[in-house]
Every structure is written in C-alpha cells, then in structure tokens.
Amino acid sequence: AIVADLKDSEHVKAVSDPLDPEGGLSPDGRIAVARVSYDVSQAGISDKEQKALFATAKVGQEVGLSVDYSGSAAEQNKPGGLNELLGLLAAAVILLVMFASFSAAGVPLLTALAGIGIALAGITTLTGFISLSSSTPGLGLMLGLAVGIDYALFIMSRYRDELIRGRDGEEAIGRAVATSGSAVVFAGLTVVIALLGLAVLNIPFLTYLGFGAAGTVVIAVAIALTLLPAMLGFTGRRVLGRRHVRLTSDERDGPSAGHRWADAVARRPVVILLAATVLLGIIAIPALSLKTGLPDEGTQPAASTQRKAYDLQSQAFGAGSNGPLVVVVEAHTGGTAAQASVLEVRAALTAVAGVVNVGRPLANAAGDTFLLPVAPKDGPASEQTKQLVSRIRALARPLGARTGTTLAVSGRTASQIDVGARLSSALPVYLVIVVGLALLILTVVFRSVIVPLKAVIGFLATMASTFGAIVAIAQWGWFGLVTPAPIISFLPVFMIGVIFGLAMDYQVFLVTRMREEHVHGAAPTDAVIDGFRQSARVVTAAALIMIGVFASFILSPDASLKSFGIAFAFGVAIDAFVVRMTVVPAVMVLLGDRAWYLPRWMERLVPRVDIEGEGLRVLDEARESLKQVSVT
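Rules behind the numbers
Residue positions are counted from 1 within each chain, in the order its sequence is given. A pLDDT threshold of at least 70 governs which residues receive local features in this predicted model, and a stricter bar of 80 or more applies before side-chain atom pairs are shown or counted, although totals over entire chains, interfaces and linings include all residues. Note that water and hydrogens are dropped before the side-chain values are worked out from all heavy atoms of the structure. A pocket here means an open set of points on a 1 Å grid, computed over the protein atoms alone, that has protein on both sides within 12 Å along at least five of seven lines. A cavity is instead a set of points where a 1.4 Å probe fits but cannot get out; residues with an atom within 4 Å of a point line either one. Grid points are joined across faces, edges and corners, and a volume is the space filled by probe spheres set on the points. Each residue receives one of three labels: charged for Asp, Glu, Lys and Arg, nonpolar for Ala, Val, Leu, Ile, Met, Phe, Trp, Tyr, Cys and Pro, and polar for the others, Gly being one of them. Helix numbering and strand numbering both begin at the N terminus, where a helix is a DSSP run of H or I of at least 4 residues and a strand a DSSP run of E of at least 2. In this scheme, a residue with accessible area under 20% of its type's maximum is buried, one over 50% is exposed, and one in between is partly exposed, where area comes from a 1.4 Å probe on protein chains only. Residue contacts follow a heavy-atom distance rule, with two residues in contact if any of their heavy atoms lie within 4.5 Å. Classification of ring pairs uses Phe, Tyr and Trp, with its six-membered ring standing for Trp, and accepts pairs whose centres are within 6.5 Å; under 30 degrees between planes counts as stacked, over 60 as edge-to-face, and the remaining range as tilted. What makes two strands pair is DSSP finding at least two bridges between them. As a per-residue quantity, pLDDT reports the predictor's confidence and falls between 0 and 100. A helix is expected to reach a length of 1.5 Å times the quantity of its residues less one. Note that the bend at a residue is defined as the angle between axes fitted to the seven residues ending at it and the seven residues starting at it.

**Student:** Sorry if this is basic, but what is going on with empty space enclosed by the protein here?
**Tutor:** To find leftover empty space, a probe the size of one water molecule is rolled over the atoms. Applying the stated criterion to the full structure yields 3 cavities of 30 Å³ or more. Looking at the largest cavity, its volume works out to about 150 Å³. Contributing to the lining of the largest cavity are 15 residues, with Arg-158, Ser-180, Phe-509, Thr-512 and Arg-513 lying nearest its centre. In terms of residue class, the lining of the largest cavity is built from 5 nonpolar, 6 polar and 4 charged.

**Student:** Just checking my understanding: could you explain the environment of Val-3 for this structure?
**Tutor:** Tracing the chain through its elements places Val-3 in helix α1 (residues 2-7). Taking the relative accessible area as the measure of exposure, Val-3 reaches 18% and is therefore buried. Distance from Val-3 to Ile-193, taken between C-alpha atoms, is 51 Å for residues 190 residues apart in sequence. Ignoring any residue separated from it by four or fewer positions in sequence, one finds Val-3 in contact with Val-15 and Pro-18.

**Student:** How do you make sense of the packing of aromatic side chains when you look at a structure like this?
**Tutor:** The geometry of two aromatic rings is summed up by the distance between their centres and the angle between their planes. One pass over the full model with this rule turns up 7 aromatic pairs. A centroid spacing of 4.7 Å and a plane angle of 80° characterise the contact between Phe-459 and Phe-500, whose relative ring orientation is edge-to-face. A residue pair is termed long-range when its members are at least 10 positions apart, and Phe-459 in helix α18 (residues 450-475) and Phe-500 in helix α19 (residues 491-519) qualify at 41 residues. Judged by relative accessible area, Phe-459 falls into the buried class, the value being 1%. By relative accessible area, which is 1% here, Phe-500 ends up buried.

**Student:** Honestly, the pairing of strand β7 (residues 369-376) in this entry has me stumped. Any pointers?
**Tutor:** In the case of a regular strand, side chains alternate between the two sheet surfaces. In this structure, strand β4 (residues 325-331) lies alongside β7, joined through 6 bridges in antiparallel fashion. Pairing of Val-329 across the sheet is with Phe-370, part of β7. Where strand β5 (residues 355-358) and β7 come together, 3 bridges link them in antiparallel fashion. Across the sheet, the residue bridging to Asn-357 is Ala-375, located in β7. Sheet analysis places strand β6 (residues 362-363) next to β7, joined by 2 bridges and oriented antiparallel. Each residue of the ladder has a partner; that of Leu-362, found in β7, is Leu-371. Counting the residues in the hairpin turn of β6 and β7 gives 5 residues, including Gly-367, whose phi is positive at 75°.

**Student:** Looking at this structure, I do not really get the confidence of the model for the protein. What am I missing?
**Tutor:** The predicted coordinates of low-pLDDT regions are not to be read in fine detail. Here the protein averages 84 in pLDDT, and 92% of its residues register 70 or above. This stretch, residues 245-254, has a pLDDT under 50; its non-local contacts, to residues over four places away or in other chains, come to 12 contacts.

**Student:** Please explain the environment of Ala-461 as it appears in this structure.
**Tutor:** For Ala-461, the location among the structural elements is in helix α18. Between the C-alpha atoms of Ala-461 and Lys-48, which are 413 residues apart in sequence, the distance is 49 Å.

**Student:** Would you take a moment to explain helix α16 (residues 383-403) for this structure?
**Tutor:** Owing to its 3.6 residues per turn, the α-helix brings residues three or four apart onto one side. Taking 1.5 Å of rise per residue, 21 residues should cover 30 Å, and α16 covers 29 Å from first to last C-alpha, within 8% of that figure. At Ala-396, α16 shows its maximal kink, close to 40°; a proline, Pro-398, follows between one and four residues later. All of the buried residues in α16 are Thr-385, Leu-388, Val-389, Ile-392, Ala-396, Leu-399, Gly-400 and Thr-403. The elements touched by buried residues of α16 are β4, α15 (335-350), β5, β7, β8 (405-410) and α17 (412-446).

**Student:** What is the right way to read the side chain of Thr-216 from this model?
**Tutor:** Structurally, Thr-216 can be placed in helix α8 (residues 204-225). Owing to a relative accessible area of 2%, Thr-216 belongs among the buried residues under this scheme.

**Student:** Explanation requested: unusual backbone geometry in the structure shown.
**Tutor:** Where the residue is not glycine, phi is negative for most of them; where a peptide bond is considered, it is trans in most cases. The backbone of Asn-202 shows a phi angle near 60°, a positive value even though the residue is not glycine. Examined against the element boundaries, Asn-202 turns out to sit in the loop between α7 (169-196) and α8. On the basis of relative accessible area, Asn-202 is assigned to the exposed category, the value being 56%. Of note, Arg-447 is a non-glycine position whose phi angle comes to about 50°, a positive value. Turning to its location among the elements, Arg-447 is positioned in the loop between α17 and α18. A relative accessible area of 8% means that Arg-447 is categorised as buried.

See the structure below:
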C-alpha cells in the first residue's frame, strides 16, 4: 500500500519492490527498503511532493510499522532564523556596551543588515541560472553579518575619535574613511582573494560557494564606504553618547585595559611569546588525527527520520548499504551478448574484497549501457570504502578488456571520495596562491617585508590550533555539540580561506595603528603600546561580534553549517586574542625598528597608500602654517 501511494506522486519515476530478496528485504524479514527514483533533481521536488512522501508513513503506522526516510528527497529545508537572531542580539549587546549609545550601536547593525539583504537577493537570483550549494545562503549570511558589522565598527570607531578631537562632522567622516576606510578596503580585499582562490580547486560547488561569499564581502565593503558615512551624517554627534569622554578618553580615565595589556607584553615579550606558542601547540595536537569526508545521514541528530533510516538500514544490510557505489557498464555490443557481458562483470565485482552484494543490472532503452549498484561492507565515509573504490577502478581496465565493456565507478559515495582527493591534492596550490597574493597586499599596506611574513606565520599557527580544536569537537565528539564523524572534506580549505581573510583584517587594523605611531615619530616600543591602545577596544569588540555570530550557527539543523560555526568561532577567538593581541605585540616589541624593514630596491616599486594618514598630518601642518602666515 505504501509503494502504491508513492507511485502516485507526480515526479516519481520508479519505486523498487521492498520485498525483493535481492537487497530489499532483511534476512529476518523485519526491515524492508523501497528505493524511490524521481525524474527531477532534489531542487525540483516541491514542498507538496515532499509532504506526500512523508504522508505515506501513516499507511504503515496504522498497522504497526515504523516508517522512516533517507536520501536527498527527504532532506527538509527547515526554517531558520533563531541562530541569526541570536547572532544579531549578541552583536547588539557588544556594540551597546562598547559605545554606550543606541545610535552608535544601531548604525553597524543597520548597515550590516542592508548588506546581507542585497547579498542574499543576489544569491537567490543566481539560483535561477546556476546550481548553488544549499550551504551558500547560510554561509553568505554568516560571513556577511560578521564582516558587515566589523567593517562599520572600525570606521565608526575612528569617526568617534575624530569627533572627540574636536573636528566637525564632515571632516571627521572624511578622515575616518581616509584611514580606517582604507584599511577596510585592504582587509576586505584579503578576504575576497582567499574566497575567490577556491576556484583553483576546480570543484564547481566550492567555486560557487566561494564566489557567493566573496560577493557578500564586496557588498559589505561597499556599504561601509557609502551607506555608513551617509548614516553618520544623519546621526552626527549622537553616536558619542552622554558618557563618551569617560568611556573613550584614556587621558581622563587613566590607562585603559588595552594599554595595560600592551605594557605588560612589552615588559616580558619573550615569556609571553613562549607561553602563547606552547598553548597553540597543545591545542594543535589533535590535528594529527584529522580525517576528512563528506557528511552522510549517520551524522544527523538521533531523533531525525534520516538518522533512524540510516541506522535501520545499517542494521539490516550493513553500513555500506547507505552509500552504494554505482558501476556504469558500457557494452561494446548490444542484445544478448551485452547482457552476458554485464552478468560476467557482476560476478567479477561480487568477488571483490569488501563488496557485500551487487544488485540487478538496470539497462537503458538501447540495451548497451547498464547500472550496477554495489553495496560496500563499510560505511560511505570509511577508509575501507575508499580502498574498495580504488580496487574496483584498478580492476576496471582488465575486466573491461576481458568482457568487451567499459567500466566506471560513480554514485554519491564515489563522488565524495573524488572530491576529497581533489581537495587534498589542490590544497598546497591554493595556499601558495592565496598567501602569495596576501603577502603582496600586506607589503603595500605596511611597506615592510617583515610584518607580512610575521602575519602569515601567525595565521599558520591559528590554523594548526583550529584544526586541532575542530578534530576534538567534531571528529572526536568532545562537549557533545555534534555527532562524531570525519571532518567535512571541504571545511578545511574553506576555513583556511575565511579565517585567513579575517586574520588579516585584525592584522591590518592593529598594526596600521602601530605603524601610524611609528610614522609620526614614536619610539618602537611606544609605537606598539600606543597603537595597540588605540585599536584594542575595537578589535576586541569586532572579534567578540564575529565569535557571537559564528557560534550562533552551532544551533543550525544543518550539520555543515554547524561545523562551520564551530570552526569559524574558534578560529576567530584564537587568532584575535592569542595571535594578534598577544603574539603580534610581543614580536613587534622584540623586532623594534627592524619590523618596518623594506629593501631599498622595493621602496621604488611599492606604491604608497598612506593608510596611517601621514598625508592628513602634513595637510594639518600646512593649514596651521597658512593660519600663522595669515595672522602675521
């Protein structure tokens, strides 16, 4: 009766016999599997059809059967919103505490929402022309919300500083965009390069994922440079709040926490550097056990119908039945000869170690191409299944020559294995391209070869510790946040791209203030302390906002987004608070003036972008001289 109901659905092409002794019925006769084939992709299955699919369970439940569903047609797009709302709430609280002004707290939130609204509209439009990963909107929202708030925060913080120094609104906005706005452009550029670099992996869904996220970042930068200054023009001095002097003036309120921390690091740079290095090394140890794979339904929540179906099928037919391989057999002849050849291929595949059974061949209309479902002994994400795919592919050429056929291994499991192998082989190339381009950008920003090199080394330490944490949490199951499983194969490479870009954000915002003090004549250690003091509060708030936004996605029902949320939140925390705000000032103090070393031959080649605002200082001096001349 269930099968009859399934066949009535509009796009159902075929339903296998659940009582078929060859793969459909368990040996004890208690568990049966009906495979439903649709004539459209997952995206073509309407909500109405999906509801009709789930409604068939009632027929079985009425007579005491348990009916569960697995496969792409059963994947539900659950309405989100709670995690995004929690991320926004966390950002709002942090901004309100930092600025002590509802106007100041609201502006970054509004600009970030405007940016992600435009970005999501663009992503939705693109789905009409190209096939995007289901994770693309979620990742775009996650990243757009985080960087949108952060970029607005950096510019608005500088705007407030300029107002406190007595400048009028338009002058303050202009100077904020000229300095912090320039830093935002270069910080955003590093993120965009890291995301666009995913194209070198030559995996379409990852390329589109990177392009979608990069577009979100570009929009966030554009909003920060256009809409934000316009909104600041409306808010004027209201962004300061009633208590702005006590909250932002170190001269009136004594040394800030950032000043005290930088001073402590400057007094004992070697001890603090060693302590931070040991901490990062300990956290990175689990990374040695990293295993990757694409998620299967065994990682779904225990109460979900997909997980119940996965467990039942594993119990009845073995774990490999949840990820069958598909061997495509193309016969060089047709008719009975082709059928005899495919039966010989089936017999040979049945004898391969690690194969539980080979299903009946499914022929095309012409009778010259066949599909053979091959059930592995082990699960889709296991190392044994990877080895089985390799064995069948090694057998394909001699077996094809003997039987007069051409063989290829396909199916979701084999595709996941191939994607993982492609990612592993392309990762070094990706790192070289992304890191190389970022080094060039940072050399232009800081006019130094030492600071960019130090920034990249710090990033590598961040990634090692982040990999260690994600292995412990997601692969080993520490803290019970996710079902233990191999790390999603594209998570490491995407995490490298995103965390690298965000790490360079903090590097730019912290060290440009140090360079600004250095260019204006401060001693090396004083430049580090003063630059850190001026940027510590805003970088701390920015990091906390990003951590809050990313951590909120741990509540997502999507296993991929959950893993991304854990990885990004931990990566930002480690990079911001251990690497950028601890290791960086310690190393800068130890290097002294050598940190700003740039070979003479490069001085002529590297353009001056003047992020530190030296040109503005010269302009101020010229104006002051003109005033004195006028008075005279």
